[in-house]
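Structural overview
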Amino acid sequence: MTMQIYNVLGRQKQAFTPIEEGRVGMYVCGPTVYEHSHLGHAKTYVSFDVVARYLRYRGYDLLYVQNITDVGHLRENEEDRVLARAAQLNAKPMQIVETYTRSYFEDMDALRVQRPDISPRASGHVPEQIEMIETLIANGNAYAIDGSVYFDVRSDDDYGKLSNRRLDEQQDESRALVGGDKRHPADFALWKKAEPEHILRWSSPWGVGFPGWHIECSAMAQKYLGANFDIHGGGIDNIYPHNENEIAQSECANGVAFSNYWMLTGSLNVLDPDEGIPVKMSKSLGNYETIKDALKRFRPGEIRYFILTSHYSNPVLYSEESLASAKSGLERLTNVLRLLRQQMNHAPESDAGDAFRDRLDAATAEFQNVMDDDFNSPRGIAVLQDLTRDVNSLLNSDSEVGLPMLAAIEETFRALGGDVLGLLPAEEAEETGDSQREAALVEMLIDMRAQARAERDYARSDQIRDQLAALGIVLEDRVDGTIWKLN
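Predicted model, so just to flag it, every value in this text is computed and none were measured. (Residues numbered from 1 in each chain as written. Predicted model: local features only at pLDDT ≥ 70, side-chain atom pairs only at ≥ 80, totals over all residues. Heavy atoms only, no water.)

**Considerations on the packing of aromatic side chains**
To be explicit about the condition: By convention, a stacked pair of Phe, Tyr or Trp rings (six-membered ring in the case of Trp) has centres within 6.5 Å and planes under 30 degrees apart, an edge-to-face pair has planes over 60 apart, and any other such pair is tilted. Strands here are runs of E lasting at least two residues and helices are runs of H or I lasting at least four, both read from the DSSP assignment and numbered beginning at the N terminus. A 1.4 Å probe rolled over the protein chains alone gives each residue an accessible area, and that area as a share of the maximum for its type sets the label: buried under 20%, exposed over 50%, partly exposed in between.
Per the stated rule, a full pass over the model turns up twelve aromatic pairs. When the centroid spacing of 5.2 Å and the interplanar angle of 65° are considered together, the rings of F16 and Y261 count as edge-to-face. Taken together, the residues span a long stretch of sequence, with F16 in the loop between β2 (12-15) and β3 (23-28) and Y261 in strand β10 (residues 259-265) at a distance of 245 residues. A relative accessible area of 5% places F16 in the buried class. Residue class for Y261 comes out buried when judged on its relative accessible area of 6%.

What follows is the structure in structure tokens.
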């Protein structure tokens, strides 16, 4: 089937037709680096990691750009987030930026999120932002007052088309600015005059100042992907004002559509302890858990599995129960992969079991069909779980299965569950050094048990088996040796 994407711009699912055949340009709004990332960030960036992985799996030459916001993202009181954090920690602003940029990429690496092709920083693209602002002024879409520059929302007849907010109905959510110097409450800052105490500052045609938050994404997307590109991604909470303002300034500056497809992820929610209703996980509410803290309690694959069991565009409720369910689901996949790899060590070089190849082909076709339907990872996981059931039945039957067939099954799991969904490790051991050591210890205990049985020390053999069972590790004795899996 033709790949379909739900386009938030227009609120409908559309056939995906890239601007240039075989090539895709994708821009995703990245983090503001002033604190450690939390699980809400993981929801967005794991989701777009799968989008990127699947586009490449389907043969597209993807250029993936994701920015780093290190200047211009202001709080409601007009305070730069990076500067506020720097003052709190008595540190240099760029020290804060470096610390939390590294932290962000550490977290993404741990979650098996493949790095974007380009990760531009806002502070490194001030000239491009100034150039776009000059164009907007020349086109009559922006005006300068007392060293600051604002976008005139009334100059854009299409303003509000992404969020479906009519201009005359909008409240002033663009932050009240000092002096009341805006012509309309919804006008937003493209450039802000820097007061003497403001550390992050650049020279411009309007005086010393710094860029606004929204202009960075427009300037950097245009620089690396062109004025018109294929996919723009981000979180649903940024649809207004950030994404709306991106569209307005970009299209008024260039006279062409900004992005053809808008994909926005649903929020990660937690239960409000007082009201008992789902609320968005956010730093402002203090109800967040950092990725680093979560990784102390859960394996990276479990966090990914939890995120991907919900469609990227839907909100998902985070709880201990949901992570426990994700752990069980992931273990079913990793157990069958481990069983496959163990049997491959002893399998004959024959075509035994080759009839199962039709089942693999059907699973691959079904997986592609559901992922072609707006990157439906929950249904993709369901396809893998159905295949897992059938593979377990095959491997636990009395039928002989040759090495070529086992290798084909393993390759299918690696491609769909590993390359696309990022859930399955490339090697037999799990994803961390600790897991590798755990697997090695289990194998060592299996060898010790085999030695005890060879010496007819059945009490010792049973003791090893029972101790492993108490840890959730089940041993299964076969003619060709002992295999193990997590219970």
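**Details of the side chain of E246**
For clarity, the threshold we go by: N or O atoms closer than or at 3.5 Å make up a polar contact, with two conditions inside protein: a donor-capable atom paired with an acceptor-capable one, and, for residues adjacent in sequence, both atoms drawn from side chains. Here, residues are in contact when the closest pair of their heavy atoms is within 4.5 Å.
Looking at the secondary structure, you find E246 in helix α6 (residues 239-254). A relative accessible area of 0% places E246 in the buried class. A distance of 2.8 Å separates polar atoms of two side chains, one belonging to E246 and the other to H232. Beyond its immediate sequence surroundings of up to four residues, E246 is in contact with Y27, C29, H214, C217, S218, H232, F258 and W262.

**Focus on the layout of surface pockets**
A probe as big as a water molecule, rolled over the atoms, marks out the empty space that is left. How we decide: Here a cavity denotes grid points, spaced 1 Å and computed from the protein atoms alone, that fit a 1.4 Å probe unable to get out, and a pocket denotes an open set having protein on both sides within 12 Å along at least 5 of 7 lines; residues with an atom within 4 Å of a point are the lining. Grid points are joined across faces, edges and corners, and a volume is the space filled by probe spheres set on the points. Charged residues are taken to be Asp, Glu, Lys and Arg, nonpolar residues to be Ala, Val, Leu, Ile, Met, Phe, Trp, Tyr, Cys and Pro, and polar residues to be all remaining types, Gly included.
If you add up the space inside the largest pocket, you get close to 1100 Å³. Along its surface, the largest pocket is lined by 41 residues, and H73, R81, D237, N238 and K280 are the ones closest to its centre. Contributions of two or more residues to the lining of the largest pocket are made by α1 (39-57), α5 (213-225), β9 (229-235) and α6. Considering every element that reaches the lining of the largest pocket, the biggest residue donor is α1, with five residues. Class assignment for the residues of the lining of the largest pocket results in 13 nonpolar, 18 polar and ten charged.

**A word on the packing of helix α2 (residues 81-89) against helix α3 (residues 93-110)**
How we decide: Fitting a line to C-alpha atoms yields each axis, with helices limited to the stretch in contact; the angle taken between N-to-C directions then spans 0 to 180 degrees. Oblique is the label for any angle not covered by the other classes, which are roughly parallel (under 35 degrees), roughly antiparallel (over 145) and roughly perpendicular (65 to 115).
One can describe the packing of α2 onto α3 by two numbers: an axis separation of 8 Å at closest approach and a directional angle of 100°. Classed by the angle they form, the pair α2 and α3 counts as roughly perpendicular. The residues of α3 that touch α2, namely those facing V82, L83, R85, A86 and L89, are P93, I96, V97 and Y100.

**Some points on the pattern of salt bridges**
To be explicit about the condition: By definition here, a salt bridge exists when the distance from a side-chain nitrogen of Lys or Arg to a carboxyl oxygen of Asp or Glu is within 4 Å.
Throughout the structure, instances matching the rule amount to 30 salt bridges. Across the salt bridge formed by E98 and R121, the nearest N and O atoms sit 2.8 Å from each other. Linking E98 in helix α3 with R121 in the loop between α3 and α4 (126-138), this pair joins segments that are 23 residues apart in sequence. R121 sits in the partly exposed class, given a relative accessible area of 24%. Here R414 ties to D419 by a salt bridge, and the two come within 2.5 Å at their closest N and O atoms. Through salt bridges that share partners, R359, D386, R389 and D390 make up one connected network.

**Regarding the pairing of strand β7 (residues 188-193)**
Stated precisely, the cut-off is as follows: Each pair of strands is called paired provided DSSP finds at least two bridges between the two strands.
Along β7, five of the six residues are buried, which leaves the element largely enclosed by surrounding structure. Examined bridge by bridge, strand β6 (residues 148-151) and β7 share three bridges and lie antiparallel to one another. Within β7, the position partnered with Y150 by the bridge is A189. Pairing between β7 and strand β8 (residues 209-211): three bridges, direction antiparallel. In the strand pairing of β8, K193 is matched with G209.

**Side note on helix α10 (residues 357-372)**
Our working definition: A helix is expected to span 1.5 Å multiplied by its residue count minus one.
Given a rise of 1.5 Å per residue, 16 residues ought to cover 22 Å, and the 22 Å separating the end C-alpha atoms of α10 matches this to within 8%. Every buried residue of α10 is accounted for by L360, A363, F367, V370, M371 and D372. Buried residues along α10 sit against β1 (4-7), α1, α11 (377-395) and α12 (403-420). Looking one or two residues beyond α10, the residue adopting positive phi is D374, at roughly 60°.

**A closer look at the sheet that holds strand β11 (residues 268-271)**
Spatially, three strands are ordered β12-β11-β13 in an open sheet, and the strand pairing comes out mixed. Edge positions in the sheet fall to β12 (278-280) and β13 (316-317), since each of these pairs with one other strand and no more. Pairing geometry for β11 and β12, over three bridges, is antiparallel. Counted as the bridge partner of L271 is P278 from β12.

**A few points about the pairing of β2**
Along any regular strand, the residues point their side chains to alternate faces of the sheet. Bridge analysis of β1 against β2 gives four bridges, and the strand direction is antiparallel. Its bridge partner being in β2, Q4 is matched across the sheet by A15. The antiparallel hairpin formed by β1 and β2 contains four residues in its connecting segment, where G10 sits at a positive phi of about 115°.

**Observations regarding the state of the cysteines**
Selection rule: We call a pair of cysteine sulfur atoms a disulfide when they lie within 2.5 Å.
Evaluation of the coordinates by the stated rule reveals zero disulfides. A disulfide-free cysteine, C29 has its sulfur positioned 3.9 Å from the sulfur of C217, the nearest such atom.

**Some details on the confidence of the model for the protein chain**
The following threshold applies: Confidence of the predictor in every single residue is expressed as pLDDT, which spans 0 to 100.
Mean pLDDT over the protein chain works out to 89, with 92% of the residues at or above the 70 mark. Counting interchain partners and residues more than four positions distant, the pLDDT-below-50 stretch residues 172-179 has 22 contacts. Taken as a whole, residues 428-433 scores under 50 in pLDDT and shows 16 contacts with residues more than four places along the chain or in a different chain.

**A look at α12**
The following threshold applies: To obtain the bend at a residue, axes are fitted to the seven residues ending there and to the seven starting there, and the angle between these axes is taken.
Taking 1.5 Å per residue, 18 residues should reach 26 Å; α12 reaches 24 Å between its end C-alpha atoms and fits that length. Along its length, α12 shows its largest kink, about 30°, at R414. Residues M405, L406, A408, I409, E410, T412, F413, A415, L416, G417, G418 and V420 constitute the buried set of α12. Contact partners of the buried residues in α12: α1, α9 (320-344), α10 and α11. Looking one or two residues past α12, G422 carries a phi angle of roughly 70°, positive in sign.

**A word on the nonpolar core**
Convention followed: Grouping buried Ala, Val, Leu, Ile, Met, Phe, Trp, Tyr and Cys residues that are joined through side-chain atoms within 4.5 Å yields what is termed a nonpolar core.
Among the nonpolar cores identified, the biggest contains 84 residues, and L55, F413 and L421 are the most heavily contacted of them. A per-element tally of this core places α1 first, with ten residues. Not counting chain neighbours up to four residues away, the residues in contact with L55 comprise M3, F16, V24, Y60, L62, I231 and F375. Grouped together as the second largest cluster of nonpolar side chains are 39 residues, L136, F151, W191 and I215 included.

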